[in-house]
Amino acid sequence: MGVRALTIGLAIAIAAVFAGDGRAANWLEKNFGLSGPRYEADVPLCEDGWVTWKIQWRFSEKERSFWSSGLQIVSFDSIQERAFRPWHYAAIPRRFCSGYATISDGSRRPIHYWIGEDTGIVGNTWGVEWCVVGLDRNWAYNPACKMARP
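Before going into details, it helps to say that this report is about the structure given with it.

What counts, and where the lines are drawn
Residues numbered from 1 in each chain as written. Predicted model: local features only at pLDDT ≥ 70, side-chain atom pairs only at ≥ 80, totals over all residues. Heavy atoms only, no water. Helix = DSSP H or I, 4+ residues; strand = E, 2+ residues; numbered from the N terminus. Buried < 20%, exposed > 50% of the residue type's maximum accessible area, 1.4 Å probe, protein only. Contact = heavy atoms within 4.5 Å. Areas by Shrake-Rupley, 256 points an atom, 1.4 Å probe, with all protein chains shown as cover. Pairing = 2+ DSSP bridges. Axes fitted to C-alpha atoms, helices over the stretch in contact; angles between N-to-C directions. 1 Å grid on protein atoms, 1.4 Å probe; cavity = no way out; pocket = protein on both sides within 12 Å on 5 of 7 lines; lining within 4 Å. Points joined across faces, edges and corners; volume = space filled by probe spheres on them. Nonpolar A, V, L, I, M, F, W, Y, C, P; charged D, E, K, R; others polar.

**A word on the overall build of the protein**
Link 1 in the chain: Helix and strand counts for the protein come out as 3 helices and 4 strands.
Link 2 in the chain: Looking at the 150 residues of the protein, the share that counts as buried comes to 30%.
Link 3 in the chain: Residue pairs at least 24 apart in sequence account for 48% of intrachain contacts in the protein once pairs closer than 6 positions are excluded.
Link 4 in the chain: A total accessible area of about 10300 Å² is found for the protein, and carbon and sulfur atoms account for 58% of it.

**Some points on the sheet that holds strand β4 (residues 127–132)**
Link 1 in the chain: Taking strand neighbours across the sheet as the criterion, the 4 strands line up as β1-β2-β3-β4 in an open arrangement whose pairing is antiparallel. Of all the strands in the sheet, the pair left with one neighbour each is β1 (73–84) and β4. Taking each pair of neighbouring strands and ignoring which way they run, the sheet shows an average axis angle of 25 degrees.
Link 2 in the chain: Alignment of strand β3 (residues 108–116) against β4, held across 6 bridges, turns out to be antiparallel.

**A short note on empty space enclosed by the protein**
Empty space among the atoms becomes visible once a probe the size of a water molecule is rolled across them.
Link 1 in the chain: Scanning the model with the defined rule gives 1 cavity of 30 Å³ or more in all.
Link 2 in the chain: Computed from the structure, the largest cavity encloses a volume of approximately 40 Å³.
Link 3 in the chain: Taken together, R85, P86, W87, H88, A91, I92, P93 and R94 make up the full set of residues lining the largest cavity.
Link 4 in the chain: Looking at the lining of the largest cavity residue by residue, the class counts come to 5 nonpolar, 1 polar and 2 charged.

If you want it as structure tokens, here you go:
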């Protein structure tokens, strides 16, 4: 046990010697290559076919995989842009949209979604987050999809 304690004590002493003084980063370390976000506000429109297709595909995938349901979004209607960049100018540009989705069970439900610049896979393209009122089974955007709106 004495050898083990001596080894640990020696390791701590060596770490303390090589750790050096704690100091703040200098000007070059703080600013080199850190110019901040350069958003172009290039996000698709609410009615864009790629956006609605992505929502339909992900909705049916979620319903099938997690809820053992065959529900799908059949169509969209009355889609309107609710807000574009509603927050600070340097925040990630987002387009907030609302409308109605016709579900394969025949129901017509409100849907809220946002499209964000550089929020797709690995941050290299736009991404979309959505919520169908009444079918937010894991309560990610509760209450009544309020958290998917601006």
